[in-house]
Amino acid sequence: MGGMTDAARLARALGDPASTEALDAGGWAGLLAAARAELLLGTLAYRIGSLPVPPAVAAILADARAAATEQRRAALWEAEMVRRALAAAGCPVVLLKGTAYAAAGLSAGEGRSIGDCDILVPRAALPAAEARLLAAGWEWVKPDPYDDAYYRRWMHELPPLIHRDRDRMVDVHHTILPPTARVTPDAAALLADRVELGNGLAVLSPADRVVHAAAHLLADGDLAGGLRNLWDLRCLLTEVDADELAGRAARHGLGREVARARRLAAAVFDGVPASGVDALYRRRLLARDGWGRATRPLTRLGFYVRSHWLRMPPALLARHLWIKWRRDPSRRA
Amino acid sequence: MRRAVNVRVGPVTFRIGSDWAAPVAAVADLYRDYPPAAPVPDLTVRLEAPRQWRRWLRPQVAVTGDFGLPGMVPLPLAHGLLAAEMGMNLQMALGHRRHLLLHAASVERDGAALVMTGESGAGKSTLSALLAARGWRFMGDEFALLAPDTGLVHAFPRPVSLKNESIAAVQWDGARAGPVLTNTPKGTIRHLAPDAAALAASDRPARAALLLFPRFGQPPSVRPVPPGEAFARLTQASTNYVALGEAGFRALVRLVRAVPAVAVDYPDTESGIAAVEALWAG
C-alpha cells in the first residue's frame, strides 16, 4: 500500500470494514491510533461490528463501543438539561451535530464521539436563552473582553458556556455560518422546517442536516476534525432525498459546498478518484499518520489561512490576526 | 517516530515512540523482565520535540500520545525515561476505560488484595514497598484496576519511582533500575522495577479484601470508614469514574459494599506496617 497514509487506511476501513482483514499488528496499531486522533475510534468499532479481528483489537474496539455508549448517554442527558433550562424561554430548541444525530437515531450517531452540546435558537430569543442558561448554572468560558465582543459582533453563536457542575459546554447558535461569511443561509427556514422529536427538542430537517454539515466542513473551519465531519456527511447523504437536498442547498446558497461534500465523501471513503481542488481537500483530510500525528503542515496551513479568509472580509481579518498575534503566549516562549 | 518499543504492564500494552533513541533504550532496559507485550497496543505514548530544532539543540521531550494535556512542560532529554513514565500515566488517566482506575497502591496475599488509597504523601507507595519486602505480592503503587464485570482488582505493577532520600535506602546491587535522574521537578528520581515474583504473577487478579486510607505523620488512630464515605473518597481517587458512567458506579458500589474500609493514621512507617498487618490479621 505504498503512499497510503494511515488516515487513508482509516477512511477505507470506515467505507469498507472488511478491508481490515488484510492488516497485520503494525497496520492495526496505526489504524487505531489514527482513528483515535480523528475521534473516529467509536465509529470504526461500530463499523467493524462482529467482523473477525485479532483478540487484542477486539478488546480495544469493545472499550471504544462502551465509551461511545456512555458518551451518547451523557450527551442526551445534557440536551435534556438544556431543554429544562430553556423551557421557560418559550423558543424552539434545535439540536445540531452529534447530539442531534444521537437524539434522532441517525446512522451518523452510531459510535460517534460527542463533545459540546450545539443548539440553534431564533436570533430574537438569544438574550432570553443566554439569561436562562446563566441562571441555570452555565458560565462563560472566555472571560476575555476582546473574545467576548468578537463572538457577539461577528459570530453565529454566543461565546461558549460551560456548566459549573457538569463541566459540559453548550454552543448556542442563531444560524449556521458567521454573519461575516460570504454566504448567508436562511436561518428562519432552518427553524421553520425543523423536525420535532416529541420531547421538547427538535433537529434540522434531513436536507438541512446535510447543508449544515457541509457548511460547517467546507465554508467555515480549517478542516480540523474534518474526517469525522465528512463521515457524518457520508451517513447523512444516505438518509435524504436528492431532489429535496438540491433545492434546499440552493436556497441556503450552499449548493457548491453540498456538491463538493458529496464528491469528497465518495473520494475519501469509497475510493472514487478525486481531481483538481477536491484532491487538495482529500490530501488535507487524510493528513494523519499511524502515531496519531498531524502531517502535511503546509497543506494544513493553507486551509487554516483559507478558513479565516472565508470567514472574514480582509480588513477585519487583518485586525483580528494582529490582535491574536500580539496576545499569543507562545510568541514569548 | 524514530524509535519505538511496546511494553506491557498488567493488562495494558503501551507503544512508546520517540524522536530519540535514548528514552526508548531506557524503557526497554527497565522493562526487560516484564511479560511479553500484546501485538497491538492499547495506548500510544509519543515523546517528541516540541519544536523541530529542539531535537538537536538543547533537546526537549514533549509528552503526548493518544491523549494529551495542553500546557504540559517539556522535559530535558536527559529525563527521557521520566517522560515515558509520565506519558504512560497520562494515557491511562485520560484514555483507559476497561477498568475503573483507582489512584491506589495494592498488594496481595493468598489471593486477597489490600488496596491503599490516599493523597500523595499519605505513604501508600512506601507501605506497599515494605509489605512487598515482607512477602506480599506487589500489584502496583500508582493505579489499582477494578474490573467492572468481575469486581476483581488487576495488578498494574509499574516500576516504583523512588525520590530523593528514599533512593539511598534501597539495595541497588543487581536491581533492575533506571538511571539516576537529577534535578527533575520532583528532585532526584530513580525507577526500580518490581521483583520477579510480582512480574510473574501480574496477570493474576485478586479479590479485594481490605480498603485502607492511610495517613503518614499523624498520631496513631484506626477508624472504620462507612461504605458511603468510602464510596465518596474513591470517586475522588478515580481518574475515569465519570467517564465510565453507570459501569463505574456499579463497580464502586459493589466494592464498598463487599469490602471493609479503614482509615489508618500512623506516625512512622514501622507503626504503619504494624497497624496494617494487625488489621489484616483481623
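A brief report on the enclosed structure follows. If you're wondering where the values come from, they're calculated on a predicted model, not measured in any experiment.

Let us now look at the sheet that holds strand β11 (residues 160–163) of chain B. Residues and elements named next belong to chain B. One open sheet holds the 3 strands; their spatial order is β11-β13-β12, and the pairing between them is antiparallel. One side of each edge strand has no neighbouring strand; the edge strands of this open sheet are β11 and β12 (181–184). With direction set aside, neighbouring strand axes in the sheet form an average angle of 35°. Pairing analysis gives 2 bridges linking β12 to strand β13 (residues 187–192), with the strands arranged antiparallel. Across the sheet, the residue bridging to L181 is I189, located in β13.

Looking now at the environment of W77 of chain A. All names here are of chain A. Tracing the backbone through its elements, the reader meets W77 in helix α4 (residues 55–86). Measuring from C-alpha to C-alpha, the distance between W77 and M4 comes to 40 Å, with 73 residues separating the pair along the chain. Residues contacting W77, with those up to four places away along its chain left out, are R84 and R166.

Tallied over the full model, the rule gives 36 salt bridges over all chains. Note that R250 of chain B is salt-bridged to E246 of chain B, the shortest N-O span being 2.7 Å. Of this pair, R250 of chain B and E246 of chain B both sit in helix α8 (residues 246–258), 4 residues apart, roughly one helical turn. Among the residues examined, E246 of chain B registers a relative accessible area of 34% and is labelled partly exposed. A network of salt bridges, in which partner residues are shared, links E70 and R73 of chain A together with E246 and R250 of chain B.

Listed by partner, the interface residues are 25 residues for chain B and 19 residues for chain A. On the chain B side of the contact with chain A, R15, V40 and R98 of chain B bury the most area, a combined 34% of that side's loss. Our count for the contact surface shared by chain B and chain A stands at 3 salt bridges. For R73 of chain A, the salt bridge goes to E246 of chain B, with nearest N and O atoms at 3.1 Å. Put simply, chain B and chain A have 6 residue pairs in polar contact (both at pLDDT 80 or more) between them.

Let us look at the side chain of E157 of chain A. Note that E157 of chain A resides in the loop between α7 (145–154) and β4 (161–163). Although E157 of chain A is buried, it forms no salt bridge, and the closest oppositely charged side chain is K97 of chain A at an N-O distance of 6.4 Å.

Residues and elements named next belong to chain A. It is at 12 Å that the axes of helix α1 (residues 6–15) and helix α10 (residues 226–237) come closest, and there the two elements cross at 20°. In terms of axis orientation, α1 runs roughly parallel to α10. In this structure, the crossing between α1 and α10 has a hand that is right-handed. Taken together, the residues of α10 that come into contact with α1 (itself represented by A7, L10, L14 and G15) are L227, W231 and R234. Split into classes, the residues belonging to the contact of α1 with α10 amount to 5 nonpolar, 1 polar and 1 charged.

To continue, consider a nonpolar patch on the surface. A cluster of nonpolar side chains, contributed by L298, L301, Y304 and V305 of chain A, occupies part of the molecular surface with about 430 Å² of accessible area. Mapped onto the fold, L301 of chain A is located in helix α14 (residues 297–311).

Bringing the sheet that holds strand β1 (residues 3–9) of chain B into the picture now. The strands making up a sheet associate through backbone hydrogen bonding, with each pair oriented either parallel or antiparallel. Residue and element names in this part refer to chain B. If you trace the 5 strands from one edge of the open sheet to the other, you get β1-β2-β3-β4-β5, paired in mixed fashion. In this open sheet, the two edge strands, each paired with only one partner strand, are β1 and β5 (75–76). The pairing of strand β3 (residues 43–48) with strand β4 (residues 60–65) spans 4 bridges and is antiparallel. Within the sheet, the bridge partner assigned to E48 lies in β4 and is A62. The strands that helix α1 (residues 21–30) touches are β1, β2 (12–18) and β3; relative to β1, the one it contacts most, it runs at about 25°.

Looking now at helix α2 (residues 25–37) of chain A. Taking 1.5 Å of rise per residue, the 13 residues of α2 of chain A would be expected to cover 18 Å, and the 18 Å separating its terminal C-alpha atoms lies within 8% of that figure. For α2 of chain A, a buried count of 10 out of 13 residues is recorded, marking the element as mostly surrounded by other parts of the structure. Of all the residues in α2 of chain A, the buried ones are G27, W28, A29, G30, L31, L32, A33, A34, A35 and R36 of chain A. Next to the buried residues of α2 of chain A lie α1, α3 (41–48) and α4 of chain A together with β2 and β3 of chain B.

Conventions used here
- Residues numbered from 1 in each chain as written.
- Chains lettered and ligands numbered in written order.
- Predicted model: local features only at pLDDT ≥ 70, side-chain atom pairs only at ≥ 80, totals over all residues.
- Heavy atoms only, no water.
- Pairing = 2+ DSSP bridges.
- Helix = DSSP H or I, 4+ residues; strand = E, 2+ residues; numbered from the N terminus.
- Axes fitted to C-alpha atoms, helices over the stretch in contact; angles between N-to-C directions.
- Contact = heavy atoms within 4.5 Å.
- Salt bridge = Lys/Arg side-chain N within 4 Å of Asp/Glu carboxyl O.
- Buried < 20%, exposed > 50% of the residue type's maximum accessible area, 1.4 Å probe, protein only.
- Buried area = accessible area lost by both parts, 1.4 Å probe.
- Polar contact = N/O pair within 3.5 Å; in protein donor to acceptor, adjacent residues only side chain to side chain.
- Lys, Arg positive; Asp, Glu negative; His and termini not counted.
- Parallel < 35°, antiparallel > 145°, perpendicular 65-115°, else oblique.
- Left-handed = near helix turned anticlockwise from the far one by under 90°.
- Nonpolar A, V, L, I, M, F, W, Y, C, P; charged D, E, K, R; others polar.
- Patch = residues over 30% accessible without salt bridge, like charges linked within 9 Å, V, L, I, M, F, W, Y side chains within 5 Å.
- Areas by Shrake-Rupley, 256 points an atom, 1.4 Å probe, with all protein chains shown as cover.
- Expected span 1.5 Å × (residues − 1).

Function cannot be read off these values alone, since they describe shape.
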